[in-house]
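Results of the structural survey
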Amino acid sequence: MKTTLRTPGRRAVLAGLSLLLAAAWAAPAAHAQDTKIRFQLDWRFEGPSAIFLVAAKKGYFKQEKLDVTIDAGSGSGAAVNRVASGSYEMGFADLAALMEFQGNNPSAPNQPTGVMMVYNNTPAAVFSLKKSGIKTPKDLEGKKLGSPSFDGGRRSFPIFAQANKIDDAKVTWVSMDPALRETMLARGDVDAITGFYFTSLLNLNARGVKDQDIAIMSYPDYGVKLYGNAIIADRNFAKNHPEAVKGFLRAVTKATRDVLADPAASIATVKERDGIIDAPLELKRLRLAIQTAIDTPDARTDGFGDINPARMALMAAQVTRTYGTKTSVSPEAAFDRSFLPEKALTGSVLRGK
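Residues numbered from 1 in each chain as written. Predicted model: local features only at pLDDT ≥ 70, side-chain atom pairs only at ≥ 80, totals over all residues. Heavy atoms only, no water.

**Let's talk about the pattern of salt bridges**
The final tally for this structure, using the stated rule, is 21 salt bridges. Two residues, aspartate 295 and arginine 300, come together in a salt bridge whose shortest N-O distance is 3.0 Å. Here lysine 343 ties to aspartate 306 by a salt bridge, and the two come within 3.3 Å at their closest N and O atoms. Here the residue lysine 343 occupies a position in helix H17 (residues 343–346), and aspartate 306 occupies one in the loop between helix H14 (297–302) and helix H15 (309–323), the gap between them amounting to 37 residues. (Salt bridge = Lys/Arg side-chain N within 4 Å of Asp/Glu carboxyl O. Helix = DSSP H or I, 4+ residues; strand = E, 2+ residues; numbered from the N terminus.)

**With respect to empty space enclosed by the protein**
With a probe scaled to a water molecule rolled over the atoms, the places where space remains empty come into view. Applying the stated criterion to the full structure yields two cavities of 30 Å³ or more. In this structure, the largest cavity encloses a volume near 60 Å³. For the largest cavity, the full set of lining residues is Asp94, Ala96, Thr122, Ala124, Gly152, Ser156, Phe196, Leu226, Tyr227 and Tyr323. The residue makeup of the lining of the largest cavity, split by class, is six nonpolar, three polar and one charged. Estimates place the volume of the second largest cavity at around 30 Å³. For the second largest cavity, the full set of lining residues is Met117, Val118, Asn120, Ile294, Ala299, Gly303, Phe304, Gly305 and Asp306. (1 Å grid on protein atoms, 1.4 Å probe; cavity = no way out; pocket = protein on both sides within 12 Å on 5 of 7 lines; lining within 4 Å. Points joined across faces, edges and corners; volume = space filled by probe spheres on them. Nonpolar A, V, L, I, M, F, W, Y, C, P; charged D, E, K, R; others polar.)

**Quick word on the packing of aromatic side chains**
Counted by the stated rule, this structure contains twelve aromatic pairs. Ring geometry for phenylalanine 39 versus phenylalanine 248: centroids 5.1 Å apart, planes at 35 degrees, classification tilted. Of this pair, phenylalanine 39 sits in strand S1 (residues 35–40) while phenylalanine 248 sits in helix H11 (residues 242–261), placing them 209 residues apart in sequence. Under the relative-accessibility criterion, phenylalanine 248 is labelled buried at 0%. When the ring of phenylalanine 160 is compared with that of tyrosine 219, the centres are 4.7 Å apart and the planes differ by 20 degrees; the resulting orientation is stacked. (Phe/Tyr/Trp six-rings, centres within 6.5 Å; stacked < 30°, edge-to-face > 60°. Buried < 20%, exposed > 50% of the residue type's maximum accessible area, 1.4 Å probe, protein only.)

**Things to note about the sheet that holds S1**
Here five strands make up an open sheet; going across it, the order is S2-S1-S3-S10-S4 and the pairing mixed. Here the strands that pair on one side only, and so sit at the sheet edges, are strand S2 (66–71) and strand S4 (112–117). Between one strand axis and the next, the sheet turns by 30 degrees as a mean value, whatever way the strands run. Both strand S3 (residues 90–94) and strand S10 (residues 229–234) contribute to a ladder of five bridges, which runs antiparallel. Paired with glycine 91 across the strands is isoleucine 232, a residue of S10. (Pairing = 2+ DSSP bridges. Axes fitted to C-alpha atoms, helices over the stretch in contact; angles between N-to-C directions.)

**Structural notes on the pairing of S4**
In summary, the side chains of a regular strand alternate between the two faces of the sheet. In terms of burial, S4 is a largely internal element, six of the six residues being buried. Two elements, S4 and S10, share five bridges in a ladder whose sense is antiparallel. Looking at the pairing, threonine 113 lines up with alanine 233 of S10.

By themselves, these observations are geometric and do not establish any function.
This is the structure we're talking about:
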């Protein structure tokens, strides 16, 4: 019997070609789903940066189809400027620094905005040595205070002064490099300094000053209800990639929950990123940040990541007046709540929730 070989029909050929083309496009399409986000920290890789590094280490960003690069920073002002320049899509910065930028640059093309509150209370504080006799805010009158000119506590000191009826014209400021601030206080070159609670306290300890010899006036404890650091985003990027911003915030929320549950394990992740850090010191720094800025009564009231609109409006007015911005700061422009994760997720982060 003669066997006849049949050639494929036109439909079969076309179907085969379709399958090949689909396979050829599949890999690039899947790769394209990973949105790239360059993220700028406010400072070096220290304890509090764990919430971002843990999100990367545990794959929370990848789960949201994000390709995130995290870089160390050199201050909140620099982080705001780098997002505003388009060098970074997102960052971590003091909200007052962001408000000041907005007030002075209302038409900036890559206008940054806050999208998640992390430090619900400003960590700013005034530090002095108990032997100086400074016991109340009024005792700062006639004294020399030291701080870098760009320090958030120094910039917002007029708000602290107003809340505590201090005549800030009677306060003399001495500017110095950040690395010299605590050294100058320990040596007696200045009577007091401003700085972040979990930074200056540990720096004083490192210079041989014991906790019991330090007097601390934390801004939130003395009537200053400023918000602290927030996750910020380029407004154009957020508008064009809303799901990426939402996914980033979901990932950070999950990581923050993990960090608060086990701070010690989180520091190991920071150590992996920067091998020269002092792990015990950074664990103490992280715990202080959690206690004073992240897991606070105000944060539990607002909800992790969220803000109180009335409090935000008050801060915008205070920054406009105190920093002397060219235009009034808009609280709605300073913080956009529309990207925040659902309450079911954020409500699992803080104790008492």
